[in-house]
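Close look at the chain arrangement
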Amino acid sequence: MKSILGRKMGMTQVFAQDGTMYPVTVVEVLPNVVTQVKTEETDDYNAIQVGYEDKKENRCNKAELGIFKKAGVSPKYELAELKGDEMMNYAVGQSITCDIFAAGDVVDVTGVSKGKGFSGAIKRWHFTIGPKGHGSGYHRGAGSYATNGRYNRGVMKGKKAAGHHGNKTSTILNLTVISVDPANNAILIKGAIPGPKKSIVTIRSAVKAQRTKPVVKPLVNYTPVANEGGEEK
């Protein structure tokens, strides 16, 4: 299994040479620098710790500086662990780049969903709204708990009700990589992924077996080409 950290930059659309349009999320994937290798002998599990995006030393506390100086790398804003047999081939100080994935790969993307504050049951759980006419005084309430959610000592654990909505770690499975651009440190993923713009996401190989590999058609290349006179077309 392969995985890498990136930053969600927003959505756009790209076109294939035959006119097919792909709605994509642009993920900026700067080189992930390995800061620590964890093994079963030392930590009881296998994983690598990577840092994402450089930051100034004066923005780090002493504990963070100790991690980076021990690894011999520049300070990073984000630290995360990546698991998988293929990831254990990297050593401390090496960089993992976006070209570990290719167009047509199927991936899972994990991020923290957008927070929507304290929300009612209608918005949070999509409960059916009450009647709006004929003198009804019930519109957006949670309804009767009765025997479906309450017992003599209180409310049953897990009862769907109003509360904190969003801001949870969520994973979207089986998304298709449309394009990988190592020159611009970018991966284009078909469809939407969790989280707001500029949030950190983890891209990994799909955990569910795929019957067929998606076919991604060649994209239109908008890079200007210079002709014999040196002018761009």
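Our structure's up above, just so we're on the same page.
The structure contained in this document is the topic of the report that follows. (Residues numbered from 1 in each chain as written. Predicted model: local features only at pLDDT ≥ 70, side-chain atom pairs only at ≥ 80, totals over all residues. Heavy atoms only, no water.)

1. Concerning the sheet that holds strand β3 (residues 32–38)
For clarity, the threshold we go by: A pair of strands is treated as paired once DSSP finds two or more bridges between them. Helix and strand definitions here come from DSSP, where helices need a minimum of 4 consecutive H or I residues and strands a minimum of 2 consecutive E residues; each element is numbered from the N-terminal end. Any two residues having at least one pair of non-hydrogen atoms within 4.5 Å are treated as being in contact. Between the N-to-C directions of two axes lies an angle of 0 to 180 degrees, each axis being a line fitted to C-alpha atoms and, for a helix, fitted only over the stretch in contact.
One open sheet holds the 4 strands; their spatial order is β5-β4-β3-β6, and the pairing between them is antiparallel. Two strands in the sheet have a free side with no partner beyond their single neighbour: β5 (76–82) and β6 (95–96). The strands touched by helix α2 (residues 62–71) within the sheet are β3, β4 (47–54) and β5, with β5 carrying the most contacts at an inclination of about 70°.

2. Digging into the side chain of Arg 7
Let me state the cut-off plainly: Any residue under 20% of the maximum accessible area for its type is buried, any over 50% is exposed, and the rest in between are partly exposed; the area is computed with a 1.4 Å probe on protein chains only. What qualifies as a polar contact is a pair of N or O atoms within 3.5 Å, subject to a donor-acceptor requirement within protein and to the restriction that residues adjacent in sequence count only when both atoms come from side chains.
With respect to the element layout, Arg 7 can be found in strand β1 (residues 3–15). You can call Arg 7 buried: its relative accessible area is 14%. Separated by 2.5 Å, the side chain of Arg 7 and the backbone oxygen of Lys 198 make a polar contact.

3. Points about the sheet that holds strand β12 (residues 169–181)
Read around the closed barrel, 6 strands run β1-β2-β13-β12-β7-β14, paired in antiparallel fashion. Put simply, the sheet's adjacent strands are angled 50° from each other on average, direction ignored. Where β1 and strand β14 (residues 200–205) come together, 5 bridges link them in antiparallel fashion. Counted as the bridge partner of Leu 5 is Thr 202 from β14.

4. Observations regarding the pattern of salt bridges
Once their charged atoms are close, side chains differing in charge can pair, the charge on each being opposite to the other. We apply this condition: In what follows, salt bridge is the name for a side-chain nitrogen of Lys or Arg lying within 4 Å of a carboxyl oxygen of Asp or Glu.
Scanning all chains against the criterion turns up 7 salt bridges. Arg 7 is the partner of Glu 53 in a salt bridge, and the nearest nitrogen-oxygen pair spans 2.5 Å. Of the two residues, Glu 53 is situated in strand β4 and Arg 7 in strand β1; the sequence distance between them amounts to 46 residues. Assessed through its relative accessible area of 26%, Glu 53 is described here as partly exposed. Residue Asp 108 is joined to Arg 204 by a salt bridge in which the shortest nitrogen-to-oxygen separation is 3.3 Å. On the criterion of sequence distance, the pair formed by Asp 108 in strand β7 (residues 106–112) and Arg 204 in strand β14 is long-range, its members being 96 residues apart. Judged by relative accessible area, Asp 108 falls into the buried class, the value being 0%.

5. As for a positive patch on the surface
Put simply, the test is: Residues enter a patch when their relative accessible area is above 30% and they make no salt bridge; the linking distance is 9 Å between like charges and 5 Å between nonpolar side chains (Val, Leu, Ile, Met, Phe, Trp, Tyr). For accessible areas, the Shrake-Rupley method is used with a probe of radius 1.4 Å. Any residue's cover is judged against the shown protein chains and nothing else. Here the positive residues are Lys and Arg and the negative ones are Asp and Glu; neither His nor the chain ends is included. By convention, the charge on Lys lies at NZ, on Arg at CZ, on Asp at CG and on Glu at CD.
Among the surface-exposed residues, Lys 114, Lys 116, Lys 123, Lys 197 and Lys 198 lie close enough to one another that they form a single positively charged patch. Counting through the fold element by element, Lys 123 comes out in helix α3 (residues 121–125). For Lys 123, a relative accessible area of 44% puts it in the partly exposed group.

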